[in-house]
Every structure is written in C-alpha cells, then in structure tokens.
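For reference, the chains in residue letters:
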Amino acid sequence: MDRAFDYGSKGWGFESLQVRFCFFRVFPKMKKDAAYFMKMALSRAVAAERRGEVPVGAVVVRDGRVIGSGGNAPISDCDPSAHAEIKALRRAGKKAGAYRLNGAELYVTLEPCLMCYSAMVQARIAKLFYGAGDPKNGIFASGVFDKVKHIYNHRIAVESGLLALPSSTLLSGFFQARRGAGAVERDGLENRYGE
Ligand SMILES: [Zn+2]
C-alpha cells in the first residue's frame, strides 16, 4: 500500500480525495526513481515530526512498488525499536507475507543505526539508500560497520547522500526548535541524531 500518500487509512472523505486528486494532477507523470521514493520517505519523516518524534522516515520498495513505509515512533509506540526502518520493514514483511524481502530496496532519510542495519540484513534487503549521514549513531560514519561486518552473512549495496540536505535540514530544525523550547534531553532524543 502506498502509505506515504494515504492520508489516514480511513480518510476516504472529500478532503482526502481532493488531496490525492490535486497531487496526481500536479505531478501526473512523476517518475518513480530513487529520488521519488526518498521524497516519500521524507514525507514519513515530516509526519513523524508532527507526532513529536525525531523526524526520520523510511520506505521499502520491491519491483518498483512500495510495500511498506514508516516514520520514527519510539515515543508514541512506547517501543525502543520503533525506528523508521523497523516500522517500514515490519509493514513490508506483513504485506509480503514473509520475513525475507529478497530484492527489496530500503530508503531512509537518515543513516541507519546498528539495530536497523542488522534488521535489513535479516530481511535480505538488496540495496539501501540513505539521505543524511549520522556521525554519532550511523553504522558507517561511526566506524562500527568495519568492526562488525564479519558477522553478516548478507551484503547490502549502499548509496548515501540521496536528498541529504532536506533530510538533515528537517532534523536540524527539529532539534533547534526543541532547544529553543528548553526541551533538550540528555541521553534522549538527541541520541537518535548525532549533533
Ligand atoms: Zn535505527
């Protein structure tokens, strides 16, 4: 299901249809390339921010079709593992009716952490696209990958930097706003994005 443009699964009212209609009129032939899917991941990040979560979004694509997407939701789900990638993988697994998603691509706005990358290996994701780098918690930028790669029995192709600027701008804006409101939390939200 194309959740990125699903304005509420029960949203079949006039307003929802109008939004869908306008979108497809303005972009009638939008090419479904990597940038298209990363923009969809960005829309999930924006939705996460509206829920008060650190804005990170992810989309799983197979054979050119979105089979799962998700936004960061550990606070609202009371689930420490509810990172955007995990949410998207769970939905994709349900949709596919399998825990292996061979041949699938995962798009995420922020470089994955160790947990999420490991889940992608379990799912046999073929290719990972990510936007902004995360020097603190990112599996590659932190140097963690080189230390643990020997434990992985599956190789994931990686492309970084796709729409990195809007992805990082979203995160920076989120944390700036929180600091402005005096809501800085040590060992809390900031740990999700290494600033
Ligand atoms: Zn993660």
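So, how was this worked out
- The residue count restarts for each chain, going from 1 along the sequence in the order it is written.
- Two thresholds apply to this predicted model, a pLDDT of at least 70 for residue-level local features and 80 or more for giving and counting side-chain atom pairs, whereas whole-chain, interface and lining totals are computed over all residues.
- For this analysis, nonpolar core means a set of buried Ala, Val, Leu, Ile, Met, Phe, Trp, Tyr and Cys residues linked through C-beta atoms within 7 Å.
- Field definition: a residue is buried when 20 or more other C-beta atoms are found within 10 Å of its C-beta, exposed when 12 or fewer are, and partly exposed for counts in between, with C-beta atoms placed from the backbone.
- For the purposes of this entry, the term helix denotes a DSSP run of H or I that reaches at least four residues, the term strand denotes a run of E that reaches at least two, and both are numbered from the N terminus.
- We call two residues in contact when their backbone-placed C-beta atoms lie within 7 Å.
- Pairing between two strands requires that DSSP report at least two bridges joining them.
- Axis definition: a line fitted to C-alpha atoms, over the contacting stretch in the case of helices. Angles run 0 to 180 degrees between N-to-C directions.
- As used here, the arc belongs to the directions running from the helix axis to the C-beta atoms.
- Handedness is read with the strands pointing away from the viewer; a crossover is right-handed when the path from the first strand over the helix to the second is clockwise.
- Relative orientations are named as follows: roughly parallel for angles under 35 degrees, roughly antiparallel for angles over 145 degrees, roughly perpendicular for angles from 65 to 115 degrees, and oblique for any other angle.
- Crossings are assigned a handedness: left-handed for a near helix turned anticlockwise from the far helix by less than a right angle, right-handed for a clockwise turn.

Give a description of the nonpolar core that names residues and reports values.
Core analysis: the biggest nonpolar cluster contains 44 residues, and A41, V59, V60, L106, Y107 and V108 have the highest contact counts within it. Elements supplying a minimum of two residues to this core: α2 (34–50), β1 (57–62), β2 (65–71), α4 (84–96), β3 (105–110), α5 (114–123), β4 (127–132) and α7 (164–180). Tallying contributions element by element places α2 first for this core, with 8 residues. Ignoring any residue separated from it by four or fewer positions in sequence, one finds Y107 in contact with F37, M38, A41, A58, V59, V61 and F129.

Which residues make up the sheet that holds β2, and what are the values?
Think of a sheet as strands paired side by side through backbone hydrogen bonds, with each pair either parallel or antiparallel. Strand order across the open sheet formed by 5 strands is β2-β1-β3-β4-β5, with mixed pairing between neighbours. Since the sheet does not close on itself, it has two edges, and those belong to β2 and β5 (157–160), each with one partner. Each strand of the sheet is rotated relative to its neighbour by a mean of 15 degrees, with strand direction disregarded. The pairing of β1 with β2 spans 6 bridges and is antiparallel. Within β2, the position partnered with A58 by the bridge is G70. Packed onto the sheet, α4 meets β1, β2 and β3 and runs at close to 140 degrees relative to β2.

Describe α5, listing the residues and the values that go with them.
Those residues of α5 that fall on the buried side of the exposure criterion are C116, Y117, A119, M120 and A123. Viewed end-on, α5 has its buried residues packed into an arc of 160 degrees, placing them on one side of the element. Among the residues trailing α5, R124 stands out with phi positive, at a value near 65 degrees.

Which residues make up unusual backbone geometry, and what are the values?
If you check the backbone angles, D63 has positive phi at about 55 degrees while not being a glycine. Position of D63 relative to the elements: it lies in the loop between β1 and β2. By C-beta crowding, D63 is classed as exposed, having 8 other C-beta atoms within 10 Å. Even without glycine at this site, R124 takes up a positive phi of about 65 degrees. Residue position: R124 is located in the loop between α5 and β4.

Before we move on, could you go through the pairing of β4 and cite the residues and values that matter?
Among the 6 residues that make up β4, 5 are buried, leaving the element largely enclosed by the rest of the structure. As judged from the 5 bridges shared by β3 and β4, these two strands associate in the parallel manner. By the bridge assignment for β4, L106 is matched with L128. Following the backbone out of β3, through α5 and into the adjacent parallel β4, one traces a crossover that is right-handed. For β4 and β5, the ladder comprises 4 bridges, and the chain directions are parallel. Of the residues in β5, the one forming a bridge with K127 is A157.

Could you give an account of the packing of α4 against α5, with specific residues and numbers?
Relative orientation of the contacting elements α4 and α5 amounts to 20 degrees, with a least axis distance of 9 Å. One element, α4, and the other, α5, form an angle in the roughly parallel class. Pair α4 / α5 crosses with left-handed handedness. Along its contact with α4, which presents E85, I86 and L89, the element α5 presents C116, A119, M120 and A123.

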